[in-house]
Amino acid sequence: MDAKRRDRYPIVLDLPAHLETPAVLVDRDILQANIDRMQALADGSALVLRPHVKTHKSVQIARLQLAAGANGLTVSKVEEALVFIEAGLPSVTLAYPLVSAVKLDRLLGAARRCGCDLRLIVDSMAGVDLLAARAVEQGAQPGVFIKVDVGLQRCGRKPDDPLVPALAQALTDAVGLDFRGLLSHAGHVYSAVDGNAAARTAEEERLSMTALASRLRRAGYRVPEVSVGSTPTVLAARRFDGLTEIRPGNYVFMDQTPLRLGLIPPFSHCAQRSDYGGQRQRTLCHCRCRRQNPQFGSRGPRHGRDRRLWPGLGVESLGRYGSTFDGWQTFRRAWLRP
Ligand SMILES: Cc1ncc(COP(=O)(O)O)c(C=O)c1O
C-alpha cells in the first residue's frame, strides 16, 4: 500500500492472531523516532528534557526516553511517581501541588529509599509549610518549584501575583527544601486554532516565565531553573531562550492535536495507532483513552462529536480504562490496510 493511501485509511489493523484484547499497539520504530526527535530538539536548544509520563505510564518507555538523553521524568500523581521511583528511575518531578502529609511522607520515604532525586511544586504558603515540615521530619531535601499559571487556570499562581515572591522567600528560607525555580504548563494550547496560534501561546508562556524569573533574580532570589512544556507548545515554539527545561509528554505517541495544528506530518508520527478492545470484525471498538488515540486530541475540535473521520470508518465507542503501568506489548509494526 502506498504511503498516501495508508495515511487516508490509518485505522484498520491487521492484528497478530495471538493478541489478547484489549491491548495497546505501539509502533516501536515511530516511538523511537519520536523520542529521538524530541531529544534532538532539546539538545539543539541546550534544554533539559524531562518528559511527562502521563501519556505512556510505562517504565519501559521511560527507560527509552532516559537512554536517549532525558534527564528525568515528570508525573502527575503520587501513584505514578511511586511506580517510577520504585523502578529505580533517577529523577522524578511531581507536577501537582501536594497538600497531603500522608502522600508526601510516602513519596519522600520512597525517594529516600530508592535514591531518587524528587522534585515537587507548590502554589500556596500552606503547601510550602507542609513540604518544609515533612522534609525536615523525613531528613529529605526535595527540589521545589513555584507553579505558575500561564493561562490554563488549573493550578498555580499568576505571574504578577504578589504571593510569588513570598513563596520564593519561604522556599529559600526553608531548611529542608531546595528552591529550584519556576514551572508552568500551557495546556490551553490544546484549544489553539492553528500552528501560529500554538506558537503564540508558547511565546507568551516563555515571555511571562522569563520575565518573572528576572524579577525574582533582581529581588535577590536564586532561580536556577525555568521549566515549561507541553507537546504542542514545544513543537510550535520559535524561541527557547531564558528557559532551562521542557516537559512534553504526548510526543511519544502523538495525538490529534499536533496533527490538527500542522506540527507533525499526517499520521507518520503517530506511534499508537489504536487500542483494540473487542470483536475483530469491527473497525475500532475501544479507544484506551480519547486523548491517547491519534484520531482525537483531548480538546480538539472533533473531540467526542464527529466520530466518522474517514470514509467507511467510524468509532464504535470511546471509553477510558484505568491506568496501567506494565503489560505493554510492543510490536515491530501494526500493519494497516484499507
Ligand atoms: C504539568 C504538565 N507538564 C507537562 C505536560 C505534558 O504536556 P503534553 O501532554 O501536551 O505533552 C502535562 C500534561 O498534562 C502537564 O500537566
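Residues numbered from 1 in each chain as written. Predicted model: local features only at pLDDT ≥ 70, side-chain atom pairs only at ≥ 80, totals over all residues. Heavy atoms only, no water.

A few words on empty space enclosed by the protein. Per the counting criterion, the structure on display carries two cavities of 30 Å³ or more. Approximately 60 Å³ is the volume attributed to the largest cavity. Ala 202, Glu 205, Arg 206, Val 228, Gly 229, Thr 233, Val 234, Ala 237, Arg 239, Phe 240 and Leu 243 are the residues that line the largest cavity. The biggest single contributor to the lining of the largest cavity is helix H8 (residues 195-218), with three residues. The residue inventory of the lining of the largest cavity, partitioned by class, reads six nonpolar, two polar and three charged. Its volume calculated, the second largest cavity comes out at about 40 Å³. Taken together, Lys 147, Val 148, Asp 149, Val 150, Leu 152, Gln 153, Arg 154, Cys 155 and His 185 make up the full set of residues lining the second largest cavity. Residue classes in the lining of the second largest cavity are distributed as four nonpolar, two polar and three charged. (1 Å grid on protein atoms, 1.4 Å probe; cavity = no way out; pocket = protein on both sides within 12 Å on 5 of 7 lines; lining within 4 Å. Points joined across faces, edges and corners; volume = space filled by probe spheres on them. Helix = DSSP H or I, 4+ residues; strand = E, 2+ residues; numbered from the N terminus. Nonpolar A, V, L, I, M, F, W, Y, C, P; charged D, E, K, R; others polar.)

One finds Phe 84, Leu 107, Leu 177, Leu 182 and Ile 246 to be the most contacted residues of the largest nonpolar core, which totals 73 residues. Beyond its immediate stretch of four places on either side in the chain, Leu 107 contacts Val 78, Ala 81, Leu 82, Ile 85, Leu 94, Leu 98, Leu 118 and Leu 120. In terms of nonpolar packing, the next biggest core, distinct from the first, is built from eight residues, Tyr 190, Ala 197, Ala 199 and Leu 261 among them. (Core = buried A, V, L, I, M, F, W, Y, C linked by side-chain atoms within 4.5 Å. Buried < 20%, exposed > 50% of the residue type's maximum accessible area, 1.4 Å probe, protein only. Contact = heavy atoms within 4.5 Å.)

Quick look at the side chain of Arg 50 now. Relative to the elements of secondary structure, Arg 50 occurs in the loop between strand S2 (48-49) and helix H3 (59-68). With relative accessibility at 5%, the residue Arg 50 sits in the buried group. Within the structure, Arg 50 has its side chain in polar contact with the side chain of Ser 91 (distance 2.6 Å). Contacts of Arg 50, omitting those with residues within four sequence positions, involve Asn 71, Gly 72, Leu 73, Thr 74, Ser 91, Thr 93, Arg 119, Glu 245, Ile 246 and Arg 247. (Polar contact = N/O pair within 3.5 Å; in protein donor to acceptor, adjacent residues only side chain to side chain.)

Around the ligand sit 15 residues in total, of which Lys 54, Arg 154, Tyr 190, Thr 231 and Gly 249 are the nearest. Contact distances for the ligand include 2.7 Å between an oxygen atom and a side-chain N or O atom of Arg 154. Within the backbone of Gly 249, one N or O atom sits 2.6 Å away from an oxygen atom of the ligand. Protein coverage of the free-state accessible area of the ligand, which is 390 Å², stands at 98%. Considered class by class, the residues forming the shell around the ligand number four nonpolar, seven polar and four charged. (Near = heavy atom within 4 Å. Areas by Shrake-Rupley, 256 points an atom, 1.4 Å probe, with all protein chains shown as cover.)

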